[in-house]
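Structure at a glance
If you want the building blocks of each chain, they are given just below.
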Number of protein chains: 2
Amino acid sequence: MAKEKLYIIKVGGNIIDDEKKLSSFLKKFAALKSGDGKPVKKILVHGGGKLATKLANELKVPQQLVDGRRITDAETLKIVTMVYAGYINKNIVAILQANHCNAIGLSGADANVIRAHKRIHATIDYGFAGDIDEVNAPFLQTLLEQDLAIVLAPITHDQKGQLLNTNADTIAQETARGMCALFEVNLIYSFEKTGVLLDANDESTVIPSIKPTYYAQLKAEKKIFAGMIPKIDNAFVALNSGVKQVTIGNAEELEKLITHAAGTSITNE
Amino acid sequence: MAKEKLYIIKVGGNIIDDEKKLSSFLKKFAALKSGDGKPVKKILVHGGGKLATKLANELKVPQQLVDGRRITDAETLKIVTMVYAGYINKNIVAILQANHCNAIGLSGADANVIRAHKRIHATIDYGFAGDIDEVNAPFLQTLLEQDLAIVLAPITHDQKGQLLNTNADTIAQETARGMCALFEVNLIYSFEKTGVLLDANDESTVIPSIKPTYYAQLKAEKKIFAGMIPKIDNAFVALNSGVKQVTIGNAEELEKLITHAAGTSITNE
């Protein structure tokens, strides 16, 4: 029997910070239908770094970033736990409920959904940053089977009592990998750009499809914006682990991303 | 067939604020066994008002209390959502996981677990304070049947997209009432006192048992501390709705509260 489809959608960038854009995005997420008009199984993964930085500034907790990754000291962990697992996660869930989408918001500690360990690095101490060990796919499946949409905050735990801050893109990717034994998983990274662009300043230059050979060529010709490379590398890791399709595109075009009518599709074939 | 027992335990007062006391309490909560040594079905409801007040002070958001109830303006709602549903809820869950107790932390918005409406009051505007309409008992049951302990934060929603701040004692009581068609519910209010005291300054004067006639007598003789009266009134409301037993006592004696070897038991018979 063919596996049922599961959409794992990361929303990030400036969508979370913008009340109007977030509300419009969530309306679309709530209404997502498959080709035959049925509601679809779906997981939403959110970031929220800018709101965390804002609160850190208000509380005068200095923030340190190394290669775009936040150094998570104890005070910063408290802030991201409050902002991601509290404020953003619960507001998203409440808005989805208002849009007739029964949703449940979870951190990785809840029902041991995402177990991680404190990042070990030869030269940089990332503090309470977590690298993922395991996703509790069977439990997420029981929720999806009750027609719940799952909303994941980028907070994990080590099963020894320590919460950990984990990159939301990584949460989306590892959840996609963890779920693909049970579902046909489509992983969607939605943000404020229309997709992977040939010219970072021109939204009309979106590349509709990237396959491995073309990707190698684009990289060799330095035609891809450096910030996009980790996202695409991760997409191929996901595809090689059994994820069916990875799509990168504009959160405002969510329905089109689902039907591959917009954004950049990354595939192995 | 006899209904299975369910323990609904509110933890409040100074336990939440004290890392050591909280950790010791959660160890006991994680290990709770019934008389025959089997793990028990359990729901933990937590407050956290003092930590919210502390953060409000740091952020210079003035706090207003009327009759011990917080006036929840928009900024305060943001703070309590962060502190209750984020920081406290997720830390409790992580500590329970470390104690081999698989727990899941929820707000009332998650899976529509507790639906409420904005409080309507003739003279006082409580702001975003929620009075409870309905507890989603069947969903909580599905989680309990998966041997999950449930940790409830005192945040609800109105199903129209608005989160609401709801008193944790009320959450415990309404959850107890909502669950008693499905379980034999024992409701336990645990805090820093040993129970209902005849002399508020003497912990040895705990009243082991209160029945309606004795309660009327204690109130007539003004022998009960005023702050305790709403708790006991609520206990009788719960009992009259089908809750089996209500116990009030010291969080540090949790095992004894379960077996009625400590604290004050409130019963109708």
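Numbers given to residues run from 1 along each chain, matching the order in which its sequence is written. Each chain is given a letter, starting from A, and each ligand a number, starting from 1, according to the order in which they appear as written. For a predicted model such as this one, the threshold for reporting local features is a pLDDT of at least 70, and the threshold for listing and counting side-chain atom pairs is 80 or more; totals across whole chains, interfaces and linings nevertheless cover every residue.

Details of the sheet that holds strand β8 (residues 149–152) of chain A
Residue and element names in this part refer to chain A. The rule for pairing is simple: two strands pair if DSSP sees at least two bridges between them. By definition, any uninterrupted DSSP run of H or I lasting at least four residues is a helix, any uninterrupted run of E lasting at least two residues is a strand, and each is numbered from the N terminus. Strand order in the open sheet formed by eight strands is β5-β8-β2-β1-β11-β13-β14-β12, and the pairing between neighbours is mixed. One side of each edge strand has no neighbouring strand; the edge strands of this open sheet are β5 (103–106) and β12 (209–210). Where strand β1 (residues 5–11) meets strand β11 (residues 184–191), seven bridges bridge the pair, whose relative direction is parallel. Bridging across to β11, I9 finds its partner in I188.

Section: the interface of chain A and chain B
Listed per partner, the contact involves 34 residues of chain A and 34 residues of chain B. Broken down by secondary-structure element, the contributors of at least two residues to the side of chain A that touches chain B are α3 (74–98), β5 and β9 (155–157) of chain A. Sort the elements by how many residues they give to the side of chain A that touches chain B and α3 of chain A lands first, with 14 residues. All amino acids are sorted into three groups, where Ala, Val, Leu, Ile, Met, Phe, Trp, Tyr, Cys and Pro are nonpolar, Asp, Glu, Lys and Arg are charged, and the leftover types, Gly among them, are polar. Class assignment for the residues of the side of chain A that touches chain B results in 15 nonpolar, 14 polar and five charged. The contact criterion used is a C-beta to C-beta distance within 7 Å, with each C-beta placed from the backbone.

Here we look at the relation of the copies chain A and chain B
Mapping chain A onto chain B is achieved by rotating through 180° and translating by 0.0 Å along the same axis, at an RMSD of 0.0 Å. On the angle and the small slide along the axis, the relation comes out as a two-fold axis. For chain A, the smallest separation between a C-alpha atom and the rotation axis is recorded for G86 of chain A, amounting to 1.8 Å. In this assembly the copies share their binding face: 100% of the residues contributing to the interface of chain A also contribute to that of chain B. Superposing the copies works by least squares over the C-alpha atoms of residues that have pLDDT at least 70 in both of them.

Points about the packing of helix α5 (residues 168–179) of chain A against helix α7 (residues 229–240) of chain A
Residue and element names in this part refer to chain A. Comment: axis = line fitted to C-alpha atoms, over the contacting stretch for helices; angle = value between 0 and 180 degrees taken between N-to-C directions. The N-to-C vectors of α5 and α7 enclose an angle of 15°; their axes lie 10 Å apart at closest approach. Considering their axes alone, α5 and α7 lie roughly parallel with respect to each other. You can see that α5 and α7 cross each other, and the crossing is right-handed. For the pair α5 and α7, contact is made by D169, Q173, A176 and R177 and by K231, N234, V237 and A238, respectively. Working definition: roughly parallel below 35 degrees, roughly antiparallel above 145 degrees, roughly perpendicular at 65 to 115 degrees, and oblique for all remaining angles. Whether a crossing is left-handed or right-handed is set by the direction in which the near helix is turned from the far one by less than a right angle, anticlockwise for left-handed and clockwise for right-handed.

Focus: the pairing of strand β2 (residues 41–46) of chain B
Residues and elements named next belong to chain B. Note on burial: count the other C-beta atoms lying within 10 Å of the residue's C-beta; 20 or more is buried, 12 or fewer is exposed, in between is partly exposed, and C-beta positions come from the backbone. Taking burial as the measure, the six residues of β2 include six buried ones, the bulk of the element. Neither face of β2 is left uncovered, since the one carrying K41, I43 and V45 and the one carrying K42, L44 and H46 both have all their residues buried. Sheet topology places strand β1 (residues 5–11) next to β2; six bridges connect them, and they run parallel. Bridge pairing in β2 places V11 opposite H46.

Topic: α5 of chain A
Residue and element names in this part refer to chain A. If you check α5, its first and last C-alpha atoms are 16 Å apart, about what 12 residues at 1.5 Å a residue would give, namely 16 Å. Most of α5 sits out of view: 11 of its 12 residues are buried. Looking only at α5, the buried set comprises A168, T170, I171, A172, Q173, E174, T175, A176, R177, G178 and M179. One less than the number of residues in a helix, times 1.5 Å, gives the span that helix is expected to have.

Quick look at helix α4 (residues 137–145) of chain B
Residue and element names in this part refer to chain B. Those residues of α4 that sit buried are F139, L140, L143 and L144. Here the buried residues of α4 occupy an arc of 140° about the axis, which is enough to place them on one side. Facing away from the buried surface of α4 by more than 90 degrees, the exposed residues are P138 and E145. In this fold, the buried residues of α4 make contact with β2, β5 (103–106), β8 (149–152) and α5 (168–179). Once α4 ends, the next one or two residues include D147, with phi positive near 60°. The arc refers to the directions leading from the helix axis to the C-beta atoms.

Points about the sheet that holds β1 of chain B
Residues and elements named next belong to chain B. The strand order across the open sheet formed by eight strands is β5-β8-β2-β1-β11-β13-β14-β12, and the pairing between neighbours is mixed. Either end of the sheet is taken by a strand with one partner, and the two such strands are β5 and β12 (209–210). Where β2 and β8 come together, three bridges link them in parallel fashion. The residue of β8 that forms the bridge with V45 is L152.

Topic: the confidence of the model for chain A
Along the chain, pLDDT gives the predictor's confidence residue by residue, from 0 to 100. Summary statistics for chain A give a mean pLDDT of 93 and a share of 99% for residues scoring 70 or more. Confidence estimates for the predicted assembly give a pTM of 0.96 and an ipTM of 0.95.

Re the environment of L140 of chain B
Residue and element names in this part refer to chain B. In this structure, L140 sits in helix α4. On the neighbour-count criterion, L140 (25 C-beta atoms within 10 Å) is buried. Note: C-alpha distance between L140 and V66 (74 residues apart in sequence) is 32 Å. Among all residues touching L140, those that are not within four sequence positions of it are V113, I150 and M179.

Here we look at the environment of T170 of chain A
Residues and elements named next belong to chain A. Tracing the backbone shows T170 in helix α5. The exposure class assigned to T170 is buried, which follows from the 20 C-beta atoms found within 10 Å. Each C-alpha atom of the pair T170 and K10 lies 9.7 Å from the other, and the pair is 160 residues apart in sequence.

Here's the deal with unusual backbone geometry
Residue and element names in this part refer to chain A. Even without a glycine there, the phi angle at K60 is positive, about 55°. Within the element layout of this structure, K60 appears in the loop between α2 (49–58) and β3 (65–66). Of the residues examined, K60 has 8 C-beta atoms within 10 Å and is grouped as exposed. We note that K222 has phi near 50°; this positive angle belongs to a residue other than glycine. Inspection of the secondary structure assignment puts K222 in the loop between α6 (212–220) and α7. Exposure remark for K222: the 8 C-beta atoms within 10 Å place this residue in the exposed category.

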